[in-house]
Amino acid sequence: MSKPLYGLVEAGGTKFVLGVARGPDEIVATTRIATTTPAETIPAMCDWLAGHGPLAAVGVATFGPVEVDRCAPLWGHILATPKAGWSNTDLVGPLVARLGCPVGLDTDVTAAALAEYRWGAGQGQPAVLYFTIGTGIGGGAVIGGNPLAGVSHPEMGHMRPLLHPADVASGFAGVCPFHGTCLEGLASGPAVLARYGLSLSDLPQDHEGHAVIASYIAHAVVTAQAMFEPGRIVLGGGVMATPGLIERVRAEAETLGNGYFRGKASEIVVLPGLGDRSGLLGALALAEAALS
Ligand code: ZN
């Protein structure tokens, strides 16, 4: 009997990555379409997947905020988002209507945590966290194999780290429209640009920006350790591609933790084991779960 064929959707703010796969090592086809308006992008997504079916199930790993509670009336809808035109957009309904198969959905970061737990850097770990540090900052967790959610999905990018003395001195107000100096407001790609005019990878290695950003990510690491003692904290996203950053984060987290936590930052803080495939394989994990 051949393995089921799954549809994969990694819905991002600038592009949707689509795929069909029978397993993590059997990705049959992929494509990407621009995230323009829901009226354009959603039919294009449905058309491409329908053209590669029949599909046993579809997994959707999406930007948020999104309703992840299957029992809620707005399950599968993008909620209030600054992304123009996308608030209250139904991602799941059109897929179900067009493809007639089960759909699983979660945030891109929770899906990535699930993929890293299943097939990547978090295999065998009782608790795995995934943070993306990029245009925005988000975090997801898989505890005992299950995605963590409360009344909504976690919003780990909006925790408040202790302000770095350099930001206190400059009075940097942060870039989060809701909180100013939350983690996303301080350490996302736009926050780096707002302070220094360059991306972190374009700043000289001796620029203080490296220590400032590493400090904030390290605060997120030790906060996550205090909450969950995860066996792996996976750090993905464009900012993490900066040479030397993960080493700085590990060292700073060790200093902040002061030897207290069971997990050693030098061992548990890792780059994605699945590279840039965490998101799409997260969609695969969600699709498999939707079928089971
Ligand atoms: Zn915020």
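A quick note: this is a predicted structure, and the numbers were derived from the prediction, not measured. (Residues numbered from 1 in each chain as written. Predicted model: local features only at pLDDT ≥ 70, side-chain atom pairs only at ≥ 80, totals over all residues. Heavy atoms only, no water.)

S.K.: So what's going on with the packing of aromatic side chains? Which residues, and what values?
M.R.: Applying the stated criterion to the full structure yields 3 aromatic pairs. Both rings, one in Phe16 and one in Trp86, keep their centres 5.8 Å apart while their planes meet at 40°; by these two values the pair is tilted. With Phe16 in strand S2 (residues 15-23) and Trp86 in the loop between strand S4 (57-62) and helix H2 (92-99), the pair connects residues that are 70 residues apart, well separated along the chain. Assessed through its relative accessible area of 0%, Phe16 is described here as buried. Judged by relative accessible area, which is 0%, Trp86 ranks as buried. The interplanar angle of 85° and the centroid separation of 5.6 Å between the aromatic rings of Tyr260 and Phe261 together place this pair among those described as edge-to-face. What makes Phe261 buried here is its relative accessible area of 15%. An aromatic cluster of three or more residues is present, and its members are Phe16, Phe63 and Trp86. (Phe/Tyr/Trp six-rings, centres within 6.5 Å; stacked < 30°, edge-to-face > 60°. Helix = DSSP H or I, 4+ residues; strand = E, 2+ residues; numbered from the N terminus. Buried < 20%, exposed > 50% of the residue type's maximum accessible area, 1.4 Å probe, protein only.)

S.K.: Residues and numbers for the sheet that holds strand S1 (residues 6-11), please.
M.R.: Spatially, 5 strands are ordered S3-S2-S1-S4-S5 in an open sheet, and the strand pairing comes out mixed. Each end of this open sheet is capped by a strand with a single partner; those strands are strand S3 (26-34) and strand S5 (103-107). Within this sheet the neighbouring strands show an average axis-to-axis angle of 15°, counted without direction. Contacts from H2 reach S4 and S5, with the element oriented near 160° to S5. Along the sheet, helix H3 (residues 108-119) contacts S4 and S5; its crossing angle with S5, the most-contacted strand, is approximately 105°. (Pairing = 2+ DSSP bridges. Axes fitted to C-alpha atoms, helices over the stretch in contact; angles between N-to-C directions. Contact = heavy atoms within 4.5 Å.)

S.K.: Report on the domain arrangement of the chain, specifying residues and quantitative values.
M.R.: By domain assignment, the chain separates into domain 1 (6-108 + 276-291) and domain 2 (121-271). Summarising the inter-unit geometry, the C-alpha centres of domain 1 and domain 2 are found 26 Å apart. With 6 residues of domain 1 at the contact, the number on the domain 2 side is 5 residues. Both faces considered, domain 1 and domain 2 share a buried interface measuring about 480 Å² in area, 65% of it formed by carbon and sulfur atoms. At the junction of domain 1 and domain 2, the tally comes to 0 salt bridges. At the boundary of domain 1 and domain 2, one finds 1 residue pair in polar contact (both at pLDDT 80 or more). Of the residues that constitute the side of domain 1 that touches domain 2, the class distribution is 3 nonpolar, 2 polar and 1 charged. (Domains from an automatic or database assignment. Buried area = accessible area lost by both parts, 1.4 Å probe. Salt bridge = Lys/Arg side-chain N within 4 Å of Asp/Glu carboxyl O. Polar contact = N/O pair within 3.5 Å; in protein donor to acceptor, adjacent residues only side chain to side chain. Nonpolar A, V, L, I, M, F, W, Y, C, P; charged D, E, K, R; others polar.)

S.K.: Could you give an account of the side chain of Thr81, with specific residues and numbers?
M.R.: Along the chain, the position of Thr81 falls in the loop between S4 and H2. We classify Thr81 as buried; its relative accessible area is 14%. A polar contact is formed between the side chain of Thr81 and the backbone nitrogen of Lys83, at a distance of 3.0 Å. With near-sequence residues (within four places) excluded, Thr81 lies in contact with Phe63, Gly64, Pro65, Trp86 and Ser87.

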